[in-house]
Amino acid sequence: MLLDETGRAAPTIFAEMSALAARTGAVNLGQGFPDEDGPRAVLDAAHAALDAGRNQYPPGRGVPELLDAVAEHQRRFYGIDLDPAREVLVTAGATEALAATILALVDDGDEVVTLEPFYDAYGALVGLAGGVHRTVAMHGPEFVVDHDELRAAFSSRTALVVVNDPHNPTGTVLDAATRQLIVDLARQHDAVVVTDEVYEHLLFDGAAHVPLSTLPGAAERTLSISSGGKTFSTTGWKIGWLTGPEHLVSRVLTVKQYLTFVNGSVFQPAIAVGLGLPDEWYRQLAAGLQRKAELLTEGLLAAGFSVAPSRGGYFVVADAAPLGFDDAADLCRRLPELAGVVGVPVSAFCHEEAAAEHASRIRFAFCKRTEVLERAARGLAGLRV
Ligand code: PMP
Ligand code: GLN
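Residues numbered from 1 in each chain as written. Chains lettered and ligands numbered in written order. Predicted model: local features only at pLDDT ≥ 70, side-chain atom pairs only at ≥ 80, totals over all residues. Heavy atoms only, no water.

Looking now at the overall build of the chain. Each helix and strand in the chain was counted, giving 14 helices and 14 strands. A compact globule built from 385 residues should have a C-alpha radius of gyration of about 21 Å, and the chain, at 20 Å, falls within 12% of that. If one aligns the C-alpha atoms of the chain with their principal axes, the spans along those axes are about 60 × 50 × 45 Å. Within the chain, the proportion of its 385 residues that are buried is 56%. At a minimum sequence separation of 6, the contacts of the chain that also span at least 24 residues come to 75%. Only carbon and sulfur atoms are counted for the fraction: they give 52% of the accessible area of the chain, which is about 15,700 Å². Looking at charge distribution, the chain has the averaged site of its 31 positive side-chain charges lying 4 Å from that of its 49 negative ones. (Helix = DSSP H or I, 4+ residues; strand = E, 2+ residues; numbered from the N terminus. Rg over C-alpha atoms; globule rule 2.2 N^0.38 Å. Buried < 20%, exposed > 50% of the residue type's maximum accessible area, 1.4 Å probe, protein only. Contact = heavy atoms within 4.5 Å. Areas by Shrake-Rupley, 256 points an atom, 1.4 Å probe, with all protein chains shown as cover. Lys, Arg positive; Asp, Glu negative; His and termini not counted. Charge placed at Lys NZ, Arg CZ, Asp CG, Glu CD.)

Turning our attention to the packing of aromatic side chains. What the rule picks out here adds up to 15 aromatic pairs. Relative to Phe 315, the ring of Tyr 199 has its centre 6.1 Å away and its plane inclined at 80°; by these criteria the two rings are edge-to-face. You can see Tyr 199 sitting in the loop between β7 (192-196) and β8 (222-227) and its partner Phe 315 sitting in strand β11 (residues 315-319), a full 116 residues away along the chain. Across the pair, Phe 315 and Tyr 199 agree in class, each one buried. One aromatic cluster in this structure is built from Phe 77, Tyr 78, Phe 232, Trp 281 and Tyr 282. (Phe/Tyr/Trp six-rings, centres within 6.5 Å; stacked < 30°, edge-to-face > 60°.)

This next bit is on the site of ligand 1. In the vicinity of ligand 1, the contacting residues are Gly 93, Ala 94, Thr 95, Tyr 119, Asn 164, Asn 168, Asp 196, Val 198, Tyr 199, Ser 227, Lys 230 and Lys 238. With respect to ligand 1, the side chain of Thr 95 contributes an N or O atom lying 2.5 Å from an oxygen atom. Ser 227 places a polar side-chain atom, nitrogen or oxygen, 2.7 Å from an oxygen atom of ligand 1. Contact with the protein chains hides 93% of the accessible area of ligand 1, taken as 390 Å² for the molecule alone. (Near = heavy atom within 4 Å. Polar contact = N/O pair within 3.5 Å; in protein donor to acceptor, adjacent residues only side chain to side chain.)

This part is about the site of ligand 2. In the vicinity of ligand 2, the contacting residues are Phe 14, Gln 31, Gly 32, Tyr 119, Asn 168, Lys 230, Phe 315 and Arg 363. The separation between an oxygen atom of ligand 2 and a polar side-chain atom of Asn 168 is 2.9 Å. Within the side chain of Arg 363, an N or O atom sits 2.7 Å from an oxygen atom of ligand 2. Look at ligand 2: alone it shows 290 Å² of surface, and the protein chains cover 79% of it. Here the residues of the shell around ligand 2 sort into three nonpolar, three polar and two charged. (Nonpolar A, V, L, I, M, F, W, Y, C, P; charged D, E, K, R; others polar.)

Attention now goes to the nonpolar core. If you look at the biggest cluster of nonpolar residues, it comprises 75 residues, and the most contacted ones within it are Leu 300, Phe 305, Phe 364 and Leu 380. Looking at this core, the element that brings in the most residues is helix α4 (residues 93-105), giving eight residues. Ignoring any residue separated from it by four or fewer positions in sequence, one finds Leu 380 in contact with Leu 300, Ala 303, Phe 305, Leu 335, Ala 339 and Val 341. (Core = buried A, V, L, I, M, F, W, Y, C linked by side-chain atoms within 4.5 Å.)

In space, the eight strands of this open sheet follow the order β2-β9-β8-β7-β6-β3-β4-β5, with mixed pairing throughout. A strand with exactly one partner marks an edge of an open sheet, and here the two such strands are β2 (88-92) and β5 (144-145). Two elements, β8 and strand β9 (residues 239-243), share four bridges in a ladder whose sense is antiparallel. Note on β9: the bridge partner recorded for Ser 226 is Trp 241. Contacting β3 (111-116), β4 (132-139), β6 (158-164) and β7, helix α5 (residues 120-128) crosses the sheet at an angle of about 160° to β4. With respect to the sheet, helix α9 (residues 246-259) is in contact with β2, β7, β8 and β9, its orientation differing from that of β2 by roughly 30°. (Pairing = 2+ DSSP bridges. Axes fitted to C-alpha atoms, helices over the stretch in contact; angles between N-to-C directions.)

Under the definition given, this model contains 18 salt bridges. Across the pair Arg 75 and Glu 72 runs a salt bridge, and its minimum N-O distance is 2.7 Å. Within this pair, Arg 75 and its partner Glu 72 are both found in helix α3 (residues 64-78), separated by three residues, close to a single helical turn. Classification of Glu 72 as partly exposed rests on a relative accessible area of 37%. The residue Glu 371 makes a salt bridge to Arg 369 at a minimum N-O spacing of 3.3 Å. (Salt bridge = Lys/Arg side-chain N within 4 Å of Asp/Glu carboxyl O.)

One open sheet accounts for four strands, arranged β10-β11-β14-β13; its pairing is antiparallel. Looking along the sheet, the strands with just one partner apiece sit at the ends: β10 (306-308) and β13 (344-345). Across the sheet, helix α12 (residues 328-339) touches β13 and β14 (361-365), and the angle it forms with β14 is around 45°.

So, about the pairing of β4. Bridge count between β3 and β4: six bridges; the pairing is parallel. Along β4, the bridge assignment pairs Glu 116 with Ala 137. In the classification by handedness, the crossover that spans β3, the intervening α5 and the parallel β4 is right-handed. With two bridges joining them, β4 and β5 adopt antiparallel strand pairing. Its bridge partner being in β5, Met 138 is matched across the sheet by Val 145. (Right-handed = clockwise from strand over helix to strand, strands pointing away.)

Before going further, it helps to examine α12. The α-helix advances 3.6 residues per turn, and as a result positions three or four apart in sequence lie on the same side. Along its 12 residues, α12 runs just 14 Å from first to last C-alpha, ending more than 12% under the 16 Å computed at 1.5 Å per residue. Within the sequence span of α12, burial applies to Ala 328, Leu 331, Cys 332, Leu 335, Pro 336 and Ala 339. Take α12 and look down its axis: the buried residues cluster within an arc of 145°, on one side only. In α12, the exposed residues that point more than 90 degrees away from the buried face are Arg 333 and Glu 337. Buried residues in α12 make contact with α1 (13-24), β12 (341-342), β13, β14 and α14 (370-380). The opening residue of α12 is Asp 327, an N-cap whose side-chain oxygen sits 3.1 Å from the backbone nitrogen of Ala 329. (Expected span 1.5 Å × (residues − 1). Arc of directions from axis to C-beta.)

So, to be careful, I would describe these as geometric facts and stop short of saying anything about function.
Next comes the structure, spelled out in structure tokens:
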């Protein structure tokens with residue numbers, strides 16, 4: 001499944017698109033990573049930890065100050081009470097938290113429900129665990145979840161539902177009724193809810209993130225996953241975490257200790273400093289990113305794409321059909337030459353059966369400097385079939 005036709009490891013769509021950008025010199029709005037450093041205090045804390053000799057294996061669950069900082073962050077922003085020693089686990093990015101959770105909780109033939117389009121790792125990890133991936137379509141142009149389709153995706157075999165909110169690639173945020181229905185269905189089918197909240201602080205228009213675990217009936221069956229990568233512009237550090245009931249966290253820890261064991265001894269204390277930054281810093285972060293989202297959206301609209309507004313995260317989806325392009329996968333391969341820009345076709349986040357619905361859509365990342373977004377907009381302005 002993870003191999004190409006010749007039996008070689010197929011690169012992820014992100015690796016492929018970043019390589020295309022590097023090769024052509026095009027503006028890389030494909031893979032989602034910022035092109036500026038995050039807060040100085042966080043970078044300084046990593047230097048200080050390195051100079052203080054914190055260069056050996058940290059404790060298996062994470063360094064105490066990060067466990068405390070995660071628990072305090074969940075309390076400050078969401079009113080969630082956690083025991084940092086038992087209900088928090090530090091991981092090698094959100095990716096390892098997802099991997100260890102899925103490997104720990106999914107047995108052969110168990111079903112895992114996600115929305116579709118989905119972050120690529122979900123499909124791959126469910127496959128590695130021997131599970132069956134059931135998806136619920138998010139229907140364009142606004143990426144709406146149909147509640148009957150959501151109900152139909154659950155069965156007596158459902159072990160997990162993995163929910164990414166704010167959502168990559170669509171930039172949508174779930175509505176309250178959909179959130180509650182997911183929790184209710186998980187209860188009815190005795191499934192564990194796994195949330196991927198890596199974009200929790202990147203919501204626009206002053207909106208506040210609502211973790212699924214805060215909904216009635218959710219806390220006892222939810223593992224919440226996040227990461228410092230997006231919030232502190234440190235995607236290369238790979239410091240993530242998972243929180244939830246002790247018995248679930250312990251099962252994940254059992255697998256995690258045989259994946260990476262531990263990671264990032266000097267980055268863990270630095271992310272702890274970031275989690276303690278004042279509310280105002282978090283507000284500015286979201287406001288700054290919203291301006292970038294608006295700038296890129298205006299550029300895409302001016303170029304003739306139709307655009308589903310992004311409500312949060314790093315990405316906006318543009319439909320190239322009004323420009324006469326029906327096949328976004330093909331267009332994305334030619335986009336460096338045609339417009340000097342790299343984007344990712346939304347079909348890369350879909351199983352084959354669902355890809356057709358999103359065939360003309362492209363995901364663009366806007367977590368870039370203003371001048372870079374302006375350059376991309378200028379390049380896209382001349383695009384026609
Ligand atoms: N989940 C989603 C939805 C993401 O977009 C990403 C990466 N950008 C991850 C997980 C992985 O996060 P990390 O880099 O912390 O492993
Ligand atoms: N999450 C990033 C994105 O969606 C990429 C992470 C990766 O390269 N695996 O672009």
